[in-house]
Amino acid sequence: MEYTREIYWNVGHGAWTLVPMYLLAIFAIGLLVKGFYGRVKIYQQGQPLVRDDQRLRRLVMMLQNVLLQKKVSRVIWPGLLHGLFFWGFGLLFIGTTLIVIQADFTDLLFDVKFLTGTFYKLFSIVLDIAGLVCMIMLGGLLVRRYFYAPEGLETKNDDAIMHSLLFGILITGFLIEGARMAVTELGTPLAPWSPVGLLVANAIVGMGEGGLLALHKVTWWFHLLLVMAFFILIPLTKFRHILTTSANYFFTDLGPKGKLVTLNLEDEDAESFGVSKIGEMTWKDIFDTDACTLCMRCQDRCPAFATGKPLSPMKVINQLGEVAFDAPDSVLVDTIGKDVLWACTTCRACQEICPAAIEHVNKIIDLRRSMVLMEGEFPGEEVMAAMEATEVNGNPLGVGYAERGDWITDLGIKTLAEDTEVEILFFVGCYGSFDKRNIAVAKSFVKLCQAADVKIGILGKEEKCCGEPMRKMGNEYLYQTLANENIETFKSYGVQKIVTACPHCFNTLKKDYQDLGFEAEVMTYTVFLEELLKSGRLRINAQDLSCTYHDSCYLGRHNDIYEAPRKLIEAAGGKLVEMEKNRAEAFCCSAGGGRILAEENIGERINIRRVQMAAETGADVLVSNCPFCLTMFEDGVKGAELEGTLKPKDIAEILAERIQ
């Protein structure tokens, strides 16, 4: 026998079938386009933003994430269920497309059939298995959502509609196949190539030929109506993420990760700075709200949410969407809540895990900018005091700027004002300059450089805060003032290479200062020290050390630096025991986003939660690479009553103790 089948079997291939079928398809696609056109009008409320440059690169990224489900599969079980369903449904769509191409074009117009022979057998079994996989995966997703839903996972009418419609399409597809096979293929060599259809055929063959023909024809048309309903509902339900999430991969920010937009504070035509209304956001910010699938991954990883703060990144995105579509004149800060916005540590955990490529952090910073620049509002008096201290002395700690370089006494290094012939400028930062605990870290770094015969210099009293905490708190004006002063100082000394022991300084100097005309090389001390070790300039005596390591948010998620610190720990003899939340999944210390300046008055303290995670490893030492983290951990160890059990130390301190 010929390995093929009659397409449009039993329903006919004449005008009475094709005309209503294609009219329904045109109608459904028309409503789909109309639905998205209405949503595009909402996106256009936002401000212009270029996100269509480097189109080939963007297209490749989109295809990788869509076809390979890279972002979705980062959370294994739901990601695997979704990925297998996506691939299975994709194969079914391709199979249906091939059927239409042969029946209505190549066979009809040119008498060419390609769904025959071995290819047809493979076609049949692949589509049968794909449909079965879709059924199983959809069932798994249904059980997860309705019977074993994670706490906080919202279930809406959309979810019921999606599951019902998809199950309907799959079940009717197998019924159509089973009815056809019961009449035409049972007992033939072709039947085993459609194993699921064969099971259905054997189950319903007792209906008799007349009943099977009627079942097939009615189910065929019902299946078609379900498919058309699927297209119509795409823009009206969460089905739209098929297109919006895919498009969001294309619109990904290709600039330096986490880099904020620099406001033009000298724009005389600007009526306000920051964002207070939805129309002041960009079109991409609004589009993000339509790409969200309410999967809850961002909320699950948010350290603020996990410790009882009112911030849920997922809820913020959806509130913005509700405003955009239903109440565009609403004041966003009032809608979302001030405590929500101040709770963010800008740790970027939400963005790193988001399967829809949504950008949460910049939206929160823009809303903070409006509160600070337009209303003069801060989360507490202590933050206002830190801002004022920075304006006067160039640091938030309230210490006179003239004392910034006092810590180098007897270390044998000079300021650039005294000697500009240096290999690197060590940008010390405020905590390394004034905080007793972090001064020890700065001294350790200097000793390591001296042991490696690296000539370094500092700016001393000419150094100002990099401005990062102020900027993340929304005070763009103070940030730009500090940044411009630092840049002028760098340029006056012809600085070519900067190394800093603060990830916040590193991220700001390397990325944000570019917009203000700064182009020198900037390195974090972990990478710099690793290079010294690899080159043989720095020699370390390895000594056993039981430790765990904290990936600071601004070295890890913001800059993808995970290996260099671990290699330094290994070189020092550290026996590293990883915390459950490490690398890209690391928990925040609580000090990012300018929170280093603010009291933590709501919920559990984030730093205490983190040191408890470290203590659970059984390690003696909690290793950090950031002055903010070290400060938080010193406080957290006390708050968690772990003194004598767990000791926070910086990588530089550990290495300095082991210099050959």
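Residues numbered from 1 in each chain as written. Predicted model: local features only at pLDDT ≥ 70, side-chain atom pairs only at ≥ 80, totals over all residues. Heavy atoms only, no water.

Would you mind going over the sheet that holds strand E2 (residues 424-427) in detail, with residue names and values included?
Pairing is parallel across the open sheet formed by five strands, whose spatial order is E1-E3-E2-E4-E5. Each of the sheet's edge strands pairs with one partner strand only, and the pair in question is strand E1 (414-415) and strand E5 (521-524). Pairing of E2 with strand E3 (residues 456-458) involves two bridges; the strand directions are parallel. Its bridge partner being in E3, Ile424 is matched across the sheet by Ile456. Packed onto the sheet, helix H23 (residues 525-535) meets E2, strand E4 (497-500) and E5 and runs at close to 85 degrees relative to E5. (Pairing = 2+ DSSP bridges. Helix = DSSP H or I, 4+ residues; strand = E, 2+ residues; numbered from the N terminus. Contact = heavy atoms within 4.5 Å. Axes fitted to C-alpha atoms, helices over the stretch in contact; angles between N-to-C directions.)

Any details on the environment of Val126? Residues and values, ideally.
Looking at where Val126 falls in the secondary structure, it is placed in helix H4 (residues 117-146). Along the backbone, Val126 and Arg566 are 440 residues apart, and their C-alpha atoms lie at a distance of 46 Å.

Hey, could you go over the sheet that holds strand E6 (residues 545-549) for me, with residue numbers and the actual values?
Taken in spatial order, the four strands of this open sheet run E7-E6-E8-E9, and their pairing is parallel. A strand with exactly one partner marks an edge of an open sheet, and here the two such strands are strand E7 (574-576) and strand E9 (647-650). Going from strand to strand, the sheet's axes swing by 40 degrees on average, the running direction of each strand aside. Bridge analysis of strand E8 (residues 621-624) against E9 gives four bridges, and the strand direction is parallel.

Describe helix H25 (residues 606-615), with residues and values.
Among the ten residues of H25, seven are classified as buried, and the element is accordingly described as predominantly covered. Looking at the packing, one finds that the buried side of H25 touches helix H11 (303-306), E6, E8 and helix H26 (627-639). (Buried < 20%, exposed > 50% of the residue type's maximum accessible area, 1.4 Å probe, protein only.)

Run through unusual backbone geometry, naming residues and quoting values.
Positioned with a positive phi, Tyr8 is a non-glycine residue whose angle comes to about 65 degrees. One can find Tyr8 in the segment before helix H1 (15-43). Positive phi is not limited to glycine here, since Glu641 has a value of about 55 degrees. Of note, Glu641 is situated in the loop between H26 and E9.

Give a description of the domain arrangement of the chain that names residues and reports values.
According to the domain assignment, the chain contains domain 1 (15-249), domain 2 (278-375) and domain 3 (394-660). Taking the mean C-alpha position of each, domain 1 and domain 3 sit 52 Å from one another. (Domains from an automatic or database assignment.)

Which residues make up the environment of Lys121, and what are the values?
Along the polypeptide, Lys121 turns up in helix H4. Between the alpha carbons of Lys121 and Trp193 there is a distance of 5.9 Å; along the sequence they are 72 residues apart. What Lys121 contacts, discounting residues up to four positions off in sequence, is Tyr3, Leu190 and Trp193.

Let's hear about the side chain of Arg595: which residues, and what values?
When you line up the elements, Arg595 lands in the loop between E7 and H25. Nearest to the buried, unbridged Arg595 among oppositely charged side chains is Glu600, at 5.8 Å. A polar side-chain atom of Arg595 sits 2.9 Å from the main-chain carbonyl oxygen of Trp342. (Lys, Arg positive; Asp, Glu negative; His and termini not counted. Salt bridge = Lys/Arg side-chain N within 4 Å of Asp/Glu carboxyl O. Polar contact = N/O pair within 3.5 Å; in protein donor to acceptor, adjacent residues only side chain to side chain.)

Explain the packing of aromatic side chains to me, and be specific about the residues and the numbers.
Going through the model one piece at a time under the given rule, you end up with 21 aromatic pairs. Geometrically, the ring pair formed by Tyr513 and Phe518 is edge-to-face, given 6.1 Å between the ring centres and 75 degrees between the ring planes. As far as burial versus exposure is concerned, Tyr513 and Phe518 are alike and both buried. Pairwise contacts between aromatic rings join Tyr43, Phe250, Phe251, Trp283 and Phe287 into one cluster. Above the plane of the ring of Tyr3 lies Lys121, whose end atom (NZ or CZ) is 4.5 Å from the centre. (Phe/Tyr/Trp six-rings, centres within 6.5 Å; stacked < 30°, edge-to-face > 60°. Lys NZ or Arg CZ within 6 Å of the ring centre and 35° of its normal.)

Residues and numbers for a negative patch on the surface, please.
Side chains of Glu266, Asp267, Glu268, Asp269 and Glu271 sit close together on the surface and give a patch of like negative charge. Note that Glu266 resides in the loop between helix H8 (241-250) and helix H9 (283-291). With a relative accessible area of 72%, Glu266 lands in the exposed category. (Patch = residues over 30% accessible without salt bridge, like charges linked within 9 Å, V, L, I, M, F, W, Y side chains within 5 Å. Areas by Shrake-Rupley, 256 points an atom, 1.4 Å probe, with all protein chains shown as cover. Charge placed at Lys NZ, Arg CZ, Asp CG, Glu CD.)

Which residues make up the environment of Glu418, and what values do they have?
Mapping Glu418 onto the fold places it in the loop between E1 and E2. Among the residues examined, Glu418 registers a relative accessible area of 54% and is labelled exposed. Spatially, the C-alpha atoms of Glu418 and Cys350 are 45 Å apart, while their sequence positions differ by 68 residues.

Mind laying out the pattern of salt bridges, listing which residues take part and the relevant values?
Counted according to the given criterion, the structure contains 39 salt bridges. The shortest N-O distance in the salt bridge between Asp560 and Lys257 comes to 2.8 Å. One end of the pair, Asp560, is in the loop between E6 and helix H24 (563-571); the other, Lys257, is in the loop between H8 and H9, with 303 residues separating them in the sequence. What makes Asp560 partly exposed here is its relative accessible area of 47%. Glu485 is the salt-bridge partner of Lys464, the closest N and O atoms lying 3.9 Å from each other. Remark: Glu485 occurs in helix H21 (residues 476-492) and Lys464 occurs in the loop between E3 and helix H20 (468-472); sequence separation between them is 21 residues.

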